[in-house]
Every structure is written in structure tokens, then in C-alpha cells.
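Below, each chain spelled out in residue letters.
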Amino acid sequence: MAVKIALAGNPNCGKTTLFNALTGSNQFVGNWPGVTVEKKEGKLKGHKDVVIMDLPGIYSLSPYTLEEVVARNYLIAERPDAILNIVDGTNIERNLYLSTQLMELGIPVIMAVNMMDVVEKSGEKIHTDKLSKKLGCEVVEISALKGTGIKEAAEKAVKLAESRKAAVVAHEFSKEAEDIIAEVEGKIKGMPEEQKRFFAIKLLEKDDKINEMMTNVPDVSAEIKEMEDKFDDDTESVITNERYVYISSIIGDCVTKNTKEKLTTS
Ligand code: BGO
């Protein structure tokens, strides 16, 4: 049976370079239905039953750009068997903002940290083993440009996709935020458990485009009010802040910056 792997990442993270390396000339290019956003899919080299779907480069799964809407509609409606999340290792903190959202969808994720050739030269160290534990997903170091690690990343993505296991979200926000998210999850009916977190967060964020993707939309105005009262801020800012706090704890644990002063001749 064919498996589908979605390739997702920020603009400029090296997604096109990786997609080309993985699929070679086995590519089909078109547009996403109704919009002029390019749609590319291809067969993984050496695997005629594995389709790689190249999603538009995005920073978030919010509904503010056409690319974000296209990417999330695809992920929600088609539910690929796995997501290969490519992140720019030279800009990992910013890239994790999207990663944490991808992981909320309940689709198994494997992370490929790209540009490792540049990271290594910079003297920065990304502890991918720790990162993997923290995120609850496999993490592979790659250089899409040089071709290192990409075969391993693809093979791991295929294995994950073939296992057809639901992903378990590993991360947590503060207890206060988690309690409210759990209340909203409890109100969502007729949906597998692993998919509820993403929708609960979007409902709290008052993302009205998400309603179209749900058959039953619960009234969560009480939970929105509860969050706004508790945090004294609007829910969208609260969630964004919770995400940043979580990401900085990951960076603190998993990235060692190069603290050595550069030698100068002056
Ligand atoms: C230019 N290592 C290094 N060093 N560079 C990489 C790697 C890697 O592992 N992966 C990708 N790049 P896209 P999106 C460029 O085009 O795949 C580079 O947006 C240039 N072009 O070569 O396009 C890649 O699809 C002139 O760089 O990303 C590309 O996600 C000077 O990252 C850029 C320098 O890759 C973006 C770079 C005319």
C-alpha cells in the first residue's frame, strides 16, 4: 500500500533542495485547488510506493497566509502517514515554532535538522539526542546541499509512515494553560483523541477558519474567557507566549552556543 509523507518547513530551510534530492526527476508540479500556490509531489527514489508531498514553506499553522491555509488544510483533510519536518539548524529556535504546531496534529513527525554543514562550522552544538527526547520524535542531522543524512531521514520517515501509529504529543505548556486546553478537548466529540489538541488550541485562539474543518464545533466561549481572565491577555497571545516559553526551554537544554570569542588581528 502506498504511503504519503508530507515535507513541511519554514521558507528557506532547504525544503526544495531536500525534495529534489529525495525525488530526483520523479516530480509532478501543479497548483493547489483554487489557488495559485505551487503544489509539488514526487516519488521517493527507490520507493515507487512512497509519495512525498512538498508543502508550501510556512512559519506557522495559523490562517493568515494562503500558504498556511493550504498546508494545514492538506494536513487535516488528507492526513499524510508521516510528516518530515525540515528545520534550519542555523535558525532552530525560530523553526521550532512551526514544529511544535505540526506535532499537535497527531500525525507522526520526524525532524530533519538541515544545514548541519554550516552549524558544524559555526561551533554551535545541537544535541539531537536530547532534542529527540524532549520533542518525542526522531531527529536526524542532515545537509540537503551535501546530501549527508538524507537517506537515513527518508528511510526513518518511511518506517514511521508504514507503522501507521498515531503520534503522541510530548510537549506541555504551563499547568494553567494545559487545564483549559484539556477542558476544550473534552468538548470536542467525534474525533480521534490524538487530533484533539490541535483543534482545541485553534478554537481557543478564535481561529474561525478551523470551524469549517470540524463537523461539530463546540462552544468554547467560557474557556476563552477563563484563559483571558487567568492570563490577563487575549488567548492568541497567551498560546503564542506558552509556545515561546516551551521552545526556549528546549533550546536551553539542547543547544550549546559557541561562546568562544573570535580571534581578531587588531
Ligand atoms: C541558495 N547546507 C547549506 N550550506 N546550504 C543549504 C543546505 C544545506 O544543507 N540546504 C539548502 N541550502 P531552498 P526552501 C543560495 O539558493 O532549498 C541552501 O525555500 C544561492 N542561490 O542551496 O531553496 C540552498 O525551498 C546563492 O541557497 O529552500 C539555497 O526551503 C548563494 O539554502 C538556500 C547562497 O534552500 C535555500 C545560497 C542563488
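Heads up: the structure comes first, above all this text.
Bear in mind the structure is a predicted one, so any value in this text is a computation, not a measurement.

Chemist: Can you help me understand the site of the ligand in this one?
Modeler: Near the ligand, the surroundings consist of 15 residues, among which Asn12, Lys15, Thr16, Thr17 and Asp117 are the closest. One of the side-chain N or O atoms of Thr17 is found 2.5 Å from an oxygen atom in the ligand. At a separation of 3.4 Å, an oxygen atom of the ligand approaches a polar backbone atom of Leu145. Within the complex, 54% of the 750 Å² of free accessible area of the ligand lies under protein. For the shell around the ligand, the secondary-structure elements that each account for two or more residues are helix H1 (15-23) and helix H4 (116-122). A total of 3 residues in the shell around the ligand trace back to one element, the largest contributor, which is H1. Across the shell around the ligand, the residue classes tally to 6 nonpolar, 7 polar and 2 charged.

Chemist: For this particular structure, what's the right way to read the nonpolar core?
Modeler: The nonpolar side chains of a soluble globular protein tend to be buried, and buried together. In terms of nonpolar packing, the biggest core is built from 59 residues, with Leu75, Met111 and Leu131 touching the most fellow members. Here this core gets 7 residues from one element, more than from any other, and that element is helix H10 (residues 235-254). Once you skip the residues sitting within four places of it in the chain, Met111 turns out to touch Asn85, Val87, Leu96, Ser99, Met103, Leu131, Leu135, Cys137, Glu138, Val139 and Val140. Grouped together as the second largest cluster of nonpolar side chains are 24 residues, Leu18, Ala82, Val140 and Ile142 included.

Chemist: In this structure, what is going on with the pattern of salt bridges? I would like to understand it.
Modeler: Side chains that carry opposite charge are capable of pairing whenever their charged atoms lie near each other. Enumeration according to the criterion identifies 16 salt bridges in this entry. As a salt-bridge pair, Lys202 and Glu205 come within 2.9 Å of each other at their nearest N and O atoms. The exposure classification of Lys202 matches that of Glu205, with both residues buried. For Asp229, the salt bridge goes to Lys225, with nearest N and O atoms at 2.7 Å. Taken as a pair, Asp229 and Lys225 lie in helix H9 (residues 221-231) at a separation of 4 residues, close to a single helical turn. The network of salt bridges with shared partners includes Glu104, Glu178, Arg197 and Arg243.

Chemist: How should the packing of aromatic side chains be read in this particular structure?
Modeler: Remark: the centre distance and the inter-plane angle together describe each pair of aromatic rings, the angle taken between the planes. Within this structure, the stated rule accounts for 3 aromatic pairs. Between Tyr97 and Tyr244 the ring centres are 5.1 Å apart and the planes differ by 25°, which places this aromatic pair in the stacked class. Residue Tyr97 is located in helix H3 (residues 92-102), and its partner Tyr244 is located in helix H10; the two are separated by 147 residues in the primary sequence. You can call Tyr244 partly exposed: its relative accessible area is 46%. Relative to Phe199, the ring of Phe198 has its centre 5.7 Å away and its plane inclined at 90°; by these criteria the two rings are edge-to-face. In this structure, Phe198 and Phe199 share a single accessibility class: buried.

Chemist: How do you make sense of the state of the cysteines when you look at a structure like this?
Modeler: Each disulfide consists of a covalent bond between the sulfur atoms of two cysteine residues. Under the defined criterion, the tally for this structure stands at 0 disulfides. Cys254 provides the cysteine sulfur closest to Cys137, a residue in no disulfide bond, and the two sulfurs are 11 Å apart. Classification of Cys254 as buried rests on a relative accessible area of 0%.

Chemist: Looking at this model, I keep getting lost on H1. Mind explaining?
Modeler: Every α-helix winds through 3.6 residues per turn, so residues three or four apart in the chain are directed the same way. For H1, every residue scored as buried is listed here: Lys15, Leu18, Phe19, Leu22 and Thr23. End-on, the buried residues of H1 take up no more than an arc of 110°, which puts them together on one face. Contact partners of the buried residues in H1: strand S1 (3-9), strand S2 (27-31), strand S3 (38-43), strand S4 (50-54), strand S5 (82-88) and helix H6 (150-163). Positive phi shows up at Gly24, right after H1, with a value of about 60°.

Rules of the game
Residues numbered from 1 in each chain as written. Predicted model: local features only at pLDDT ≥ 70, side-chain atom pairs only at ≥ 80, totals over all residues. Heavy atoms only, no water. Near = heavy atom within 4 Å. Polar contact = N/O pair within 3.5 Å; in protein donor to acceptor, adjacent residues only side chain to side chain. Areas by Shrake-Rupley, 256 points an atom, 1.4 Å probe, with all protein chains shown as cover. Helix = DSSP H or I, 4+ residues; strand = E, 2+ residues; numbered from the N terminus. Nonpolar A, V, L, I, M, F, W, Y, C, P; charged D, E, K, R; others polar. Core = buried A, V, L, I, M, F, W, Y, C linked by side-chain atoms within 4.5 Å. Buried < 20%, exposed > 50% of the residue type's maximum accessible area, 1.4 Å probe, protein only. Contact = heavy atoms within 4.5 Å. Salt bridge = Lys/Arg side-chain N within 4 Å of Asp/Glu carboxyl O. Phe/Tyr/Trp six-rings, centres within 6.5 Å; stacked < 30°, edge-to-face > 60°. Disulfide = S-S within 2.5 Å. Arc of directions from axis to C-beta.

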